[in-house]
Each structure stands twice: as structure tokens, then as C-alpha cells.
Amino acid sequence: MIIDGHAHAAGDFLKTNNIIKILDENNVDYVVLAGTPQINCEKNYDLSFFSKFIEKYPENFIYILNNIIKTVNFFNRSSTKIDLGNEYVYNLVKQQPDRIIQFYWVNPCEKNIIDKINVNYKNYNFKGIKLHQCINKFDLKEGYMNEISEWAREKEMPIFIHLCTKKDTFDMVELIKKHTNTKFIIAHLIGLQVFINSQIDISNIYFDISCPQIVPKNKIVPAIEKFGAEKIIMGSDTPNGRENLKNAITNIQELGLSDIQKELILGKNMQKLLRI
């Protein structure tokens, strides 16, 4: 089984017919889809300019890129569009429930956030929580993060989180220590060295390696060596890049891994997390 573990409802994945076409072309069974502030955007963003910097500075350049993402989305008022994105993804799922899996994007700072999550869980029946610190400004040390982590634990669903700063990665380590029975997916291998140095129990942690332009092979290899293939999840991060799903799969195929390791990264890890 192959699962695109991280993508957004925009660009190539804006409409169901194109989503299914791309999944079929790449022999992919499912895509995990979250909303996006770029509502109804058919554009795929070219991130190739950043590739050379990521390749040279695989651990730290992501924080610079995060600042760019944060600034752009602040001026676009992206945080106000999250609810529309969630609703849009749900409508895609209704059209293709056997191929599209929804992760629900949450702004932890909203008042009565758990009440809102509960209402939309009933409405959408989503399979995971999505958090993004570059778009929604929130503090991992605040009580709402404990509440969201406990909610996800009770529902046995993972929390996918895009961390913003290096300090946030240290705060994330502390949050994980408090919630050892909650499953967390760390986007884009952000803070990889922090997690390695922390020597934290990783039984409840997984690492997303999307997208090919910002997670080079020289960052994926040490993650596999340290944490094992059973902790790595392939994703495309569509529409952030071009032909991302194809390139993400190719990267794994070219790493010289065993067939078992490839199967885990390409889909079996996410299959287990989502209990498919």
C-alpha cells in the first residue's frame, strides 16, 4: 500500500478528478488531505529556488523558510481562511471517500477550541489533526495544547504539526514527554537534530519527509539511521512543488533501502497510524 501522507486541497489536488488521476498514475492508494489558505488555487508553487540552500544547510535553512512562510501568510490573512479549507476538504472526501482522508486543520488559540473540534468531528469524521505554527501563532506550552493532545489520544488519531522555530522544537519535545500516548507527526523533519540530541522516547513520534524540494536525501538518511524506517512517512505536500508525489516516491526508491523499509515509508506506517 502507498499513501501520500501529507498534501493540501490546491494545485494538482484541487479537484477530485485530478486527485484520482495523479494517485492512479503513481499507484497510490490514498492521500491524506488538509485544507489550505489558498482557497480555489489551481497553481503549484515552484520551490526549486530553495532546494540548493536546503541541500547545503539541511538542518537550519528550514527556519529561514518558515519566516518567509509566516510573513507571506500574515499579509494574506491566511489564518482567517482555515475553516473554509476544512469544509472544502470534507466535500472532496464525500466525492471520493475510498481515496481521500481528511486531516482537520486547527487553530489552537481559538476560544472553546475543543468544543469546535468536537462539533466538526461529528460533521466531518476526520482522521487526524493538522497544526501549523507559521500560519496560526500558538505556543506549545499553553494549556490548549494539552487539551488538544488529550483529545487526539482519546480518539486514537495523530497530530500532524509544522513547527516554526528552533525554540518550538525544544518545546515540542517537552509536549511529547507529557503526552506519551498521543501520536505526533513532525512535518518536514523540522528540528531533526534536536530530536536526535534529546534522546527522547520516540514510540509515539513519526517524521514526515515532504516535500522533495525542502527535505533532501541527505536529511532523510540520518533520520532513517537514527529512528528506523518504521518512523518515517512519505508525503508530497502538494501544491508546494511540481510533480511532488512522483518525486517523493522516486526519492525513497533511490535511497538503497530494503523492500520492507520502502513499504513502511511509502504507506504501511501511515496505514497503521490511521488503522486502515
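Everything discussed here concerns the structure shown above.
Residues numbered from 1 in each chain as written. Predicted model: local features only at pLDDT ≥ 70, side-chain atom pairs only at ≥ 80, totals over all residues. Heavy atoms only, no water.

### Quick word on the sheet that holds strand β1 (residues 3-8)
(1) Moving on: Taken in spatial order, the 8 strands make up an open sheet running β1-β2-β3-β4-β5-β6-β7-β8, and their pairing is parallel. Since the sheet does not close on itself, it has two edges, and those belong to β1 and β8 (232-233), each with one partner.
(2) Moving on: Note: strand β2 (residues 30-34) against strand β3 (residues 100-105), 3 bridges, orientation parallel. Each residue of the ladder has a partner; that of V31, found in β3, is I100.
(3) Moving on: Across the sheet, helix α4 (residues 82-95) is in contact with β2 and β3; its angle to β3 comes to roughly 165 degrees.
(4) Moving on: With respect to the sheet, helix α7 (residues 166-178) is in contact with β5 (159-162), β6 (184-186) and β7 (205-208), its orientation differing from that of β6 by roughly 165 degrees. (Pairing = 2+ DSSP bridges. Helix = DSSP H or I, 4+ residues; strand = E, 2+ residues; numbered from the N terminus. Contact = heavy atoms within 4.5 Å. Axes fitted to C-alpha atoms, helices over the stretch in contact; angles between N-to-C directions.)

### Considerations on helix α5 (residues 113-124)
(1) Moving on: Here α5 contains 12 residues, and its C-alpha end-to-end distance of 16 Å stays within 8% of the 16 Å for a straight helix at 1.5 Å per residue.
(2) Moving on: Among all positions in α5, only I113, I114, K116, I117, N120 and Y124 are buried. The buried residues of α5 occupy an angular sector of 155 degrees when projected down its axis, which confines them to one face.
(3) Moving on: In this structure, the buried residues of α5 make contact with α4, β3, β4 (128-132) and α6 (143-155).
(4) Moving on: One or two residues past the end of α5 sits N125, with phi positive at roughly 55 degrees. (Expected span 1.5 Å × (residues − 1). Buried < 20%, exposed > 50% of the residue type's maximum accessible area, 1.4 Å probe, protein only. Arc of directions from axis to C-beta.)

### Details of the nonpolar core
(1) Moving on: If you look at the biggest cluster of nonpolar residues, it comprises 77 residues, and the most contacted ones within it are L33, I117, I129, M172, F195 and I265.
(2) Moving on: When sequence neighbours within four positions are dropped, the list of residues in contact with I129 reads F103, Y104, V106, I117, I148, W151, M157, P158, I159 and F160.
(3) Moving on: Listed in part, the 13 residues of the second largest apolar core include V32, I101, I185 and I233. (Core = buried A, V, L, I, M, F, W, Y, C linked by side-chain atoms within 4.5 Å.)

### As for the pattern of salt bridges
(1) Moving on: Scanning the entire structure with this criterion turns up 15 salt bridges.
(2) Moving on: Residue E25 is joined to K21 by a salt bridge in which the shortest nitrogen-to-oxygen separation is 2.8 Å. Of this pair, E25 and K21 both sit in helix α1 (residues 16-25), separated by 4 residues, roughly a single helical turn.
(3) Moving on: Where R242 meets D46, a salt bridge forms, and the shortest distance between an N and an O atom there is 3.8 Å. (Salt bridge = Lys/Arg side-chain N within 4 Å of Asp/Glu carboxyl O.)

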